[in-house]
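Overview (structure and organization)
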Amino acid sequence: MTPLFPIQDLVPALTAQQCVLTPNRRLSRHLHHSYAEHQRSQGLRSWHSPRIHSLEGWIQQQWQQLQDQGSPLARVLVLDARQELHLWQQVLEQDDQGQQWLQPTGAARQAQQAIKTLQLWCQTLDSELLQGLIPDDFPLQRWHQQFRQRLDDLGAITFIDAVERLIQAYQSAELRAEPATWLVQFQELTPLHQQLLQQAFEQQHHHQQPVDEAHCQRIACDDHQTEIALAAQWTRQILQTQPGALIGIVDPQLANFRDQYERQLRHVLEPVRLFSNEEQQAPLFNISIGTPLSDAAIIDNGLLLLEFISRPLELDEICTLLYSPFMPGTDTEIELRVALELQLRRLGHAQYSLPSLLQQLSLVEQRQAEAADSEPEGSDSGSSELTKLLQQLGRLTRQPYRSLNDWGRWTIQQLRQLGWPGSRRPSSIEYQQISQWYELLAGFGRFDPLLEPMSLRQGLRLLRSETQQLSFQPQVGDSAVQVLGPLEAAGLRFTHLWICGLSDERWPESPSPNPLLPSAYQQALGMPHASAERELEFCRQLTQLFAHSANQVVLSHPEKEGDQLLRPSGLIRDYPIVSIDQLPISQSRPFEPQQQLADLASLQQTARLEQIDTQWAPAVDTQEAEGLGGGSALLANQSLCPFSAFAIHRLGAQPLDQPQLGLNAAQRGNIVHEVMEQLWRHFKDQQALAQCPPEQLETWLHDAIQQALRLPRLQARRWMGDHYWRLEQLRLEGLIKRWLSAELERPAFSIEALEKPLQAEIRGLRLKLRIDRIDRLTDGSLLLIDYKTGRPGVTDWFNDRPRQPQLPLYQYATRHSVSALAFGQIHPKKVGFVGLHDAQTDSPAEGIGILAKLRNPPAADWQQLTEQWRNTLEQLASDFLAGNAQVDPLDSNAYRYSKLEPLNRYYEQAEQQASAAPNAQMPTLKPQQECAS
């Protein structure tokens, strides 16, 4: 692969063993690679290692040399950035005014950066320019004095202090100056670094990337997400047509959009790797910004396991551990762990402690043993790996206070004894993550001089914080595609380069001076991010550099960010603008399984792939039909989406219960149903309700609600106190009283049936139904009522695919003189009836409309409407029995609550279509009726 940095102009200096310095480690690695390629091209098989260092790496090397010489200047402890930040945090937390800070860690970081900047600009808090701009009681000055006192007590200095001591060492000839150095691609040097280099080298040669002619174009994109998608497809097209290309994608906001870049590039470029005949060892792409080590699953799982000793875990965290490949027994106990998860979800608790999880696991194991008629209760020989793991954790709960060095060793030892990281062999990336984790633990003791011995909980909290701050960047081979930030890309040479996000809001960024130093002071000294002029000049230099860093350069900018309209940066407006169609962007979908999997099979000379039409499942036979359940929900799901009915009622797919604080919608609905049933068993008819004494009504209502809340209260007693249930009691009393008032305003009626069980057979499909309530009206006809605590409607009854077909189905099954259907809406915003009735009878209640008075009546009369309903229901039943399993949602709301997307892959396909057409809109979801289950 062609090097990303031309080395020819630096070869003489490197051959002469002169020192070459770069602003960052990434560029120094590229220089090393370029020099190695050059030496190999000269026929050499071995050579002296060149003296190429990042500036920070060279400073550390010089400090090490000073220590090796035994210099008094170096007989101190140099704190790293994290140690220094902890020391600043201690200063602020113990300061008299420290409690005023909402985020002490953020304030400590700002203080640390302010003092560092002052030192890099060779300034102090006592400088005359600063003294005229700050008050007498300047907090930073007080904090700095306390910080310095703590450093003296520790016998320590900061890294910037070490730079100042290196300057003293060169001035006193403890370190000898060299003849020359080469400074490669430095945009600027701080005054302190300039002083150091002037003392360390007699001559300084500044080397910049040679400027070449380039074809530079500008395009406008809808938003930043579109920019990322287009850049990925542009990359794919170039790799397919120019295999030797070196492609760079630069984004000033890379830190905020790293995950989106990774998802898009993997999605778009993976097929390119699949269908390549060449054996490729290098990764498809490389993103310069790493991810927190704590984001690595293998590390996060190990931390979670230890944290379970000292705190309850959320349900999602417990599920992570149950199915983690880095825990013992996962592969062999999957059925047990699935059963345990379902048990925890049924309980509905948001968190579980270690003892409570062990208790639930014991119950699950006992049920499974009874079902399998296995070993008798109390036998230990059958204990699962999960039980042994949790019991072993339980024995670790009582831990003494330890030093951080001891906690580091304890963590390594306990994780190994607990079976982490599992029995399978780690991948290359996982091995690197484990190695970095062990390095962190081995160096955990470096905080001992700063922090007191800690409890287990405190030590794990610090360990979690450190893993979140430690960036993991996998060590992989060179990639043809590099995704970089602006500073990391400066000086590199590509064949193709795309720079994203160049709007007037982001390029240049708005000034962001340090809030702990006066802005005028920072602007006067030209400190970083202090003024708009400085930011503009900095971005101007980078723009000119990027415009000549590749043969083909694309400069893009978003036209909007949310609702805010954006303009292109003034630094790119002079470049010619082109349309997206004029760029080499692949218009094909990134991955078309049916065609591309067949191509892959042909390429690898495997068996021919068989394509199966999954839109139709095998028809329901007689034996299967007898075991079907679901009631009215079956037809409701068939109407919402045929695949939903197939998955739920034939495959047994069910959405997982989610923990929720308080009662969920289903529980609230069940409680209202139970209260209404109990009350109407007392009254029997409207007259009994009207004649009931208020005191008796209050008693019956109170008791009915108490009884309905009893079971939910027992199940959730740990999470909701008495006050919550008193509020729920009062809420329900008020809601039901409003409903009973509406009942009294109706014409006379009597209760024909409550929770009436029915059976219906439609085209051979047998359904078990239960009608909430049947009223007998004065004319002898029936009103069917279905209670709803949501917001029901009747207009969809007239469609071929009704969203809520329950009441038409009940009417079909009743086969009596039904003159009206109605939802009984019991909702805080509306209490009353919503339904339809036959024009030949009086309205049984306000809100139950007359069919003939609808704006567009779906039928001429009630009989014709019921016939339409019969046809609709029979068609839905026939489709289900025939095996119709098409992913054909009624509308964009059909899957909002069904949770079947991993099965039907509807949104996955929609996302693929959006990737192929980046300006396309994804379906919009709005709150609606859930998929019945």
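Given the structure is predicted, the values throughout are model-derived calculations rather than measurements. (Residues numbered from 1 in each chain as written. Predicted model: local features only at pLDDT ≥ 70, side-chain atom pairs only at ≥ 80, totals over all residues. Heavy atoms only, no water.)

Structural notes on empty space enclosed by the protein
- Scanning the entire structure with this criterion turns up 3 cavities of 30 Å³ or more.
- Leu 305, Phe 308, Ile 318, Leu 321, Leu 322, Met 327, Arg 337, Leu 357, Leu 386, Leu 389, Leu 390 and Leu 393 together form the lining of the largest cavity.
- Looking at the lining of the largest cavity, the elements with two or more residues in it are α13 (315–322) and α16 (385–394).
- The dominant element in the lining of the largest cavity, judged by the number of residues it contributes, is α16, at 4 residues.
- Along the lines of polarity and charge, the residues of the lining of the largest cavity split into 11 nonpolar, no polar and 1 charged. (1 Å grid on protein atoms, 1.4 Å probe; cavity = no way out; pocket = protein on both sides within 12 Å on 5 of 7 lines; lining within 4 Å. Points joined across faces, edges and corners; volume = space filled by probe spheres on them. Helix = DSSP H or I, 4+ residues; strand = E, 2+ residues; numbered from the N terminus. Nonpolar A, V, L, I, M, F, W, Y, C, P; charged D, E, K, R; others polar.)

Here we look at the nonpolar core
- Membership of the largest hydrophobic core comes to 105 residues, with the highest contact counts inside it found for Leu 21, Trp 58, Leu 140, Trp 420 and Trp 437.
- Setting aside residues up to four positions removed in sequence, Leu 140 forms contacts with Ala 111, Ala 114, Ile 115, Leu 125, Leu 516 and Leu 517.
- Leu 758, Tyr 810, Tyr 812 and Trp 862 belong to the second largest nonpolar core, which has 39 residues in total. (Core = buried A, V, L, I, M, F, W, Y, C linked by side-chain atoms within 4.5 Å. Buried < 20%, exposed > 50% of the residue type's maximum accessible area, 1.4 Å probe, protein only. Contact = heavy atoms within 4.5 Å.)

A few points about helix α14 (residues 334–347)
- Taking 1.5 Å of rise per residue, the 14 residues of α14 would be expected to cover 20 Å, and the 20 Å separating its terminal C-alpha atoms lies within 8% of that figure.
- Summarising the contacts, the buried residues of α14 are in contact with α13, β12 (351–352), α15 (354–372) and α16.
- Taken from the residues just after α14, Gly 348 is the one with a positive phi, measuring 80°. (Expected span 1.5 Å × (residues − 1).)

Details of the environment of Arg 567
- Inspection of the secondary structure assignment puts Arg 567 in the loop between β18 (564–565) and α23 (593–603).
- Sequence separation of Arg 567 and Ser 503 is 64 residues, and the distance between their C-alpha atoms is 5.7 Å.
- Ignoring sequence-local partners within four residues, the contact set of Arg 567 consists of Ser 503, Asp 504, His 557 and Arg 573.

A few points about the pairing of strand β6 (residues 201–207)
- As paired elements, strand β5 (residues 178–184) and β6 share 6 bridges and run parallel to each other. Across the sheet, the residue bridging to Glu 178 is Phe 201, located in β6.
- As a crossover connection, the stretch from β5 through helix α9 (residues 191–200) into β6 is right-handed. (Pairing = 2+ DSSP bridges. Right-handed = clockwise from strand over helix to strand, strands pointing away.)

A closer look at the domain arrangement of the chain
- The domains assigned to the chain are domain 1 (8–74 + 168–207), domain 2 (80–157), domain 3 (215–273 + 281–288 + 500–574), domain 4 (292–368 + 385–472), domain 5 (615–657 + 752–914) and domain 6 (686–747).
- Taking only C-alpha atoms into account, the centre of domain 3 sits 52 Å from that of domain 5. (Domains from an automatic or database assignment.)

Quick notes on the pattern of salt bridges
- Inspection of the entire model under this criterion finds 40 salt bridges.
- Measuring nitrogen to oxygen at the nearest pair gives 3.1 Å for the salt bridge that ties Arg 567 to Asp 504. In this pair, Arg 567 sits in the loop between β18 and α23 while Asp 504 sits in the loop between β15 (496–499) and α21 (519–525), placing the two residues 63 residues apart along the sequence.
- Relative accessible area serves as the criterion here: at 25%, Asp 504 is assigned to the partly exposed category.
- Between Arg 870 and Glu 867 there is a salt bridge whose closest N-O contact spans 2.2 Å. Of this pair, Arg 870 and Glu 867 both sit in helix α32 (residues 862–882), 3 residues apart, which is roughly one turn of the helix.
- We classify Glu 867 as partly exposed; its relative accessible area is 35%.
- One continuous salt-bridge network, built from bridges that share partners, spans Asp 300, Glu 307, Arg 311, Glu 317 and Arg 464. (Salt bridge = Lys/Arg side-chain N within 4 Å of Asp/Glu carboxyl O.)

Things to note about the sheet that holds β15
- A sheet is described by the order of its strands in space; here 6 strands give the open sequence β7-β16-β15-β8-β14-β9, paired in parallel fashion. With one partner strand each, in any of the chains shown, β7 (215–221) and β9 (286–287) form the two edges of the open sheet.

Regarding helix α18 (residues 428–442)
- Taking 1.5 Å as the rise per residue, α18 with 15 residues should run 21 Å; its terminal C-alpha atoms sit 21 Å apart, in good agreement.
- Those residues of α18 not exposed but buried are Glu 430, Gln 432, Gln 433, Ile 434, Gln 436, Trp 437, Leu 440 and Leu 441.
- Packed against the buried residues of α18 are α12 (297–307), α17 (404–417), α19 (456–469) and β13 (471–472).

Digging into the sheet that holds strand β20 (residues 765–777)
- Spatial ordering of the open sheet is given by β19-β20-β21-β22-β23-β24, a layout of 6 strands whose pairing is mixed. Each having just a single partner strand, β19 (749–762) and β24 (848–850) make up the two edges of the open sheet. Adjacent strand axes in the sheet meet at a mean angle of 30° when their direction is disregarded.
- When strand β22 (residues 818–827) meets strand β23 (residues 830–837), the two strands line up antiparallel, connected through 8 bridges. Across the sheet, the residue bridging to His 827 is Lys 830, located in β23.
- Its contacts with the sheet place helix α25 (residues 632–640) against β19 and β20, and it is angled at close to 105° to β20. (Axes fitted to C-alpha atoms, helices over the stretch in contact; angles between N-to-C directions.)

Topic: a nonpolar patch on the surface
- A surface patch of nonpolar side chains, amounting to about 280 Å² of accessible area, comprises Ile 334, Val 338, Leu 342 and Leu 656.
- Residue Leu 656 is classed as partly exposed on the basis of its relative accessible area of 39%. (Patch = residues over 30% accessible without salt bridge, like charges linked within 9 Å, V, L, I, M, F, W, Y side chains within 5 Å. Areas by Shrake-Rupley, 256 points an atom, 1.4 Å probe, with all protein chains shown as cover.)

Let's talk about the pairing of β7
- In terms of residue burial, β7 counts as a mostly covered element, since 5 of its 7 residues are buried.
- In this structure, β7 lies alongside strand β16 (residues 552–558), joined through 7 bridges in parallel fashion. Following the sheet pairing, Gln 217 is matched in β16 by Val 554.

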